[in-house]
Amino acid sequence: MVLKKYRRTCRTEGLAAGRIWVDRGYFGLFCPEVFAALGDMILTLLLSFAFALEDQQVMYPGQSRELSISRGGTIEIETRGIIKANDRGSKLKVVAVKKGETRIKTSFQNYNISVIDKDSYDTFLKLREWQKGKVGPLVEVVDQKIEIGGKILTFLDWLELKDLQLHKGPYFIKAKVDFEVTDKINRYLRDLTQKSNLPYSSLTVSPIWQVTLAETHKNHISEYRKLLAPLGIYVGQSPYALNSAPMIEVNILATEIRRNHIQKLGLDWPAEVKANLVPSLAFDSQSLFVNIKAFEQRGLGRVLASPTLIAKSGESATFHSGGEMPIKVSSRFAAQVEWKKYGIVLKIKPVADYSGKMTIELECEVSMIDESVKIDGIPGLLINRITSRFHLNESKTIALSGLIKEEWGRSHQGFPGITQIPILNKIFGSEEFKNNQSELFFFVTPKIIY
């Protein structure tokens with residue numbers, strides 16, 4: 001009666017409620033459902049126990065260690081020559097002989113033995129200490145290489161590797177990482193390489209953490225590896241990698257100021273054509289722009305243009321404000337039209353390194369149409385040109401001055417007819433001469449934007 005009652009309870013209530021009933025000290029093993037569930041649980045525990053018995057031992061040549069084994073059981077070593085083993089009953093003394101991988105099989109416990117060099121072993125121990133208390137990363141030795149697997153959850157967890165001073169014994173990171181953490185690491189690497197005057201290359205995290213340099217930067221690869229190897233980042237090289245030369249942004253302020261009001265800017269400009277560095281304490285670019293706008297409102301000057309140019313290090317950029325004049329060019333077989341620029345043309349060629357130092361080549365040309373000189377109906381050009389080069393340790397404003405723009409004219413008023421008579425035109429008429437001179441200033445401010 002008791003057993004029959006228990007079977008019904010087991011099938012109808014016990015499994016539905018997720019529990020096993022016990023009556024008079026006996027388990028319901030007669031219930032097939034319970035027996036199957038217990039079998040699965042036991043199998044899972046046995047498999048977990050078997051995996052737990054696979055133990056990795058990391059050693060260096062010459063190091064000895066005692067391993068626990070079952071007394072009287074069999075001992076099998078897969079690869080000979082990597083280690084020496086001495087059976088001491090319940091203990092097995094193992095001495096590492098040379099670098100390599102081997103496996104010890106016993107009836108109770110299996111050991112995976114990795115023998116690595118002493119420097120790598122010291123790195124392995126430090127990384128194991130770093131791993132303690134962290135959720136996610138896993139430090140292990142795979143094929144003689146130290147790897148950090150699992151997942152690195154925060155930027156600060158990774159940054160702690162810098163404090164370990166792991167300059168000997170390379171290791172690699174294969175751990176997964178979130179996009180936000182990768183972005184923080186890339187920003188850190190950008191600042192780090194800039195301070196070290198090295199080209200920047202972004203980090204990739206699959207299959208391992210690495211940066212890849214272009215062929216043009218192969219002379220920096222040893223410096224790069226010395227810098228990033230302690231952080232677990234592999235540095236490679238590829239002909240397909242992009243050249244990460246710095247990008248330079250150049251802000252230009254082109255102004256025109258009447259010559260008799262130039263001194264009001266606060267700077268004593270030379271009379272000849274020159275390029276100068278603006279004293280950093282005199283004014284910044286924003287206050288300069290405000291001053292020029294104030295002159296413009298009073299009719300004493302004006303802002304001609306304020307463009308921003310962006311150029312890659314070593315390449316040129318050009319600013320042109322003005323027009324183009326058609327010039328007919330004829331030959332024996334054909335005739336064509338060429339266009340000649342006039343107005344303001346500013347060419348820059350910046351070269352920068354990764355520490356923020358720059359060399360700027362400037363060429364400025366101001367040209368105006370000269371109607372007094374014509375050939376075949378084509379007027380000439382009045383041209384002022386300046387070329388200069390600057391070496392800057394940081395972003396500064398360069399001022400180009402001494403480029404004169406002159407407007408002149410002549411007007412005559414009087415009675416019609418009388419003004420054509422040579423003597424009477426002076427009496428019954430008036431003549432006005434206009435000669436306005438203004439000076440062109442170019443304020444050029446380059447800065448590295450990467």
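Caption draft 1: Looking closely at the overall build of the chain. Each helix and strand counted, the chain has 8 helices and 24 strands in total. For the chain, with 450 residues in total, the buried portion stands at 37%. Intrachain contacts of the chain at a sequence separation of at least 6 include 63% that bridge at least 24 residues.

Caption draft 2: Expanded view of the packing of aromatic side chains. Overall, the coordinates contain 6 aromatic pairs when judged by the stated rule. Ring centres of F155 and Y188 lie 6.1 Å apart, and the angle between their planes is 65 degrees; this geometry places the pair in the edge-to-face category. Placement of the pair is F155 in helix α4 (residues 155-159) and Y188 in helix α5 (residues 179-195), with a sequence separation of 33 residues. Since its relative accessible area comes to 16%, F155 is described here as buried. Given a relative accessible area of 18%, Y188 falls into the buried group. When the centroid spacing of 6.5 Å and the interplanar angle of 40 degrees are considered together, the rings of W158 and W209 count as tilted. A residue pair is termed long-range when its members are at least 10 positions apart, and W158 in helix α4 and W209 in the loop between α5 and β13 (210-213) qualify at 51 residues. For the pair shown, W158 and W209 are each scored as buried. Members of the aromatic cluster, joined through ring pairs, are F155, W158, Y188 and W209. Directly above the aromatic system of Y60 lies the positively charged group of K118, at a separation of 5.3 Å from the ring centroid. Sitting over the face of the ring of Y200, R190 holds its NZ or CZ atom 4.3 Å from the ring centroid.

Caption draft 3: Quick peek at the side chain of S313. By the element assignment, S313 lies in the loop between β18 (308-312) and β19 (317-330). In terms of polar contacts, S313 uses its side chain to reach the backbone amide nitrogen of A352, at 2.9 Å. Ignoring sequence-local partners within four residues, the contact set of S313 consists of A245, P246, I248, P350, V351 and A352.

Caption draft 4: Structural context of unusual backbone geometry. For the bond from S206 to P207, the omega torsion is 0 degrees, close enough to zero to count as cis. Along the chain, the position of P207 falls in the loop between α5 and β13. The phi dihedral of D143 is positive, around 55 degrees, even though this residue is not glycine. When you line up the elements, D143 lands in the loop between β10 (137-142) and β11 (145-150). Of note, the phi angle at N197 is positive, near 60 degrees, even though the residue is not glycine. Within the fold, N197 resides in the loop between α5 and β13. Exposure remark for N197: the relative accessible area of 32% places this residue in the partly exposed category.

Caption draft 5: Representation of the confidence of the model for the chain. Of the residues in the chain, 70% reach a pLDDT of 70 or more, and the chain-wide mean stands at 75. Here residues 423-429 is a poorly scored stretch, pLDDT under 50, and it has 11 contacts once near neighbours within four places are set aside; other chains count.

Caption draft 6: Representation of the sheet that holds strand β21 (residues 358-375). Spatially, β19-β20-β21-β22 is the arrangement adopted by the 4 strands of the open sheet, whose pairing is antiparallel. Unpaired on one side and paired on the other, β19 and β22 (378-392) mark the two borders of the sheet. For this sheet, the mean angle separating the axes of adjacent strands, direction not counted, is 20 degrees. Taken together, the 15 bridges between β21 and β22 define a ladder with antiparallel strand orientation. Of the residues in β22, the one forming a bridge with L362 is S388.

Caption draft 7: Geometry of the sheet that holds β11. Within the open sheet, the 3 strands sit side by side as β10-β11-β12. Their pairing is mixed. Lying at the two open borders of the sheet, with one neighbouring strand each, are β10 and β12 (171-173). Averaged over all pairs of adjacent strands, the angle between strand axes in this sheet comes to 25 degrees, irrespective of strand direction. The sheet contact formed by β10 and β11 spans 6 bridges and is antiparallel.

Caption draft 8: Focus on the pairing of strand β6 (residues 83-87). Bridge analysis of β6 against strand β7 (residues 91-96) gives 5 bridges, and the strand direction is antiparallel. Its bridge partner being in β7, I83 is matched across the sheet by A96.

Caption draft 9: Local environment of the pattern of salt bridges. In this structure the tally under the stated criterion is 14 salt bridges. A salt bridge links R103 to E78; its shortest N-O distance comes to 3.9 Å. Within this pair, whereas R103 is found in strand β8 (residues 100-106), its partner E78 is found in the loop between β5 (75-77) and β6, the two being separated by 25 residues in sequence. Close ionic contact of E365 with R385 constitutes a salt bridge, the shortest N to O distance being 2.6 Å. With a gap of 20 residues between them, E365 in strand β21 and R385 in strand β22 connect regions that are remote in the sequence.

Caption draft 10: Here's a closer look at the pairing of β8. With burial as the criterion, only one face of β8 is covered, namely that bearing G100, T102, I104 and T106; the residues E101, R103 and K105 on the opposite face remain uncovered. Taken together, the 3 bridges between β5 and β8 define a ladder with antiparallel strand orientation. Among the inter-strand pairings, I77 is bridged to a residue of β8, identified as I104. Bridge count between β8 and strand β9 (residues 110-115): 6 bridges; the pairing is antiparallel. By the bridge assignment, R103 is partnered in β9 with N112. Counted along the chain from β8 to the antiparallel partner β9, the turn is 3 residues long.

Conventions adopted
- Counting of residues starts from 1 at the beginning of each chain's written sequence and follows it residue by residue.
- Given that this is a predicted model, residues contribute local features only at a pLDDT of at least 70 and side-chain atom pairs are listed and counted only at 80 or more, while totals for whole chains, interfaces and linings are drawn from all residues.
- In computing side-chain properties, one takes all heavy atoms of the structure into account and sets aside hydrogens as well as water.
- A helix here means a DSSP run of H or I that spans at least four residues, while a strand means a run of E at least two residues long, and both kinds are numbered starting from the N terminus.
- Three labels apply to residues, based on accessible area from a 1.4 Å probe with only protein chains included: buried if under 20% of the type maximum, exposed if over 50%, partly exposed otherwise in between.
- By definition, residues are in contact when any of their heavy atoms lie within 4.5 Å.
- We call Phe, Tyr and Trp rings a pair once their centres come within 6.5 Å, taking the six-membered ring for Trp, and we label the pair stacked below 30 degrees between planes, edge-to-face above 60, and tilted otherwise.
- Two limits define a charge over a ring: the Lys NZ or Arg CZ must be within 6 Å of the ring centre, and within 35 degrees of the ring normal.
- Each polar contact in these results corresponds to two N or O atoms within 3.5 Å; when the atoms are within protein, one needs to be able to donate a hydrogen and the other to accept it, and residues that are neighboring in sequence are counted only if both atoms are side-chain atoms.
- Confidence scores labelled pLDDT are given residue by residue by the predictor and lie between 0 and 100.
- Paired strands, as defined in this entry, are two strands with at least two bridges between them according to DSSP.
- The convention used is that axes are lines fitted to C-alpha atoms, helices contributing only their stretch in contact, and that angles between N-to-C directions extend from 0 to 180 degrees.
- Any carboxyl oxygen of Asp or Glu within 4 Å of a side-chain nitrogen of Lys or Arg constitutes a salt bridge here.

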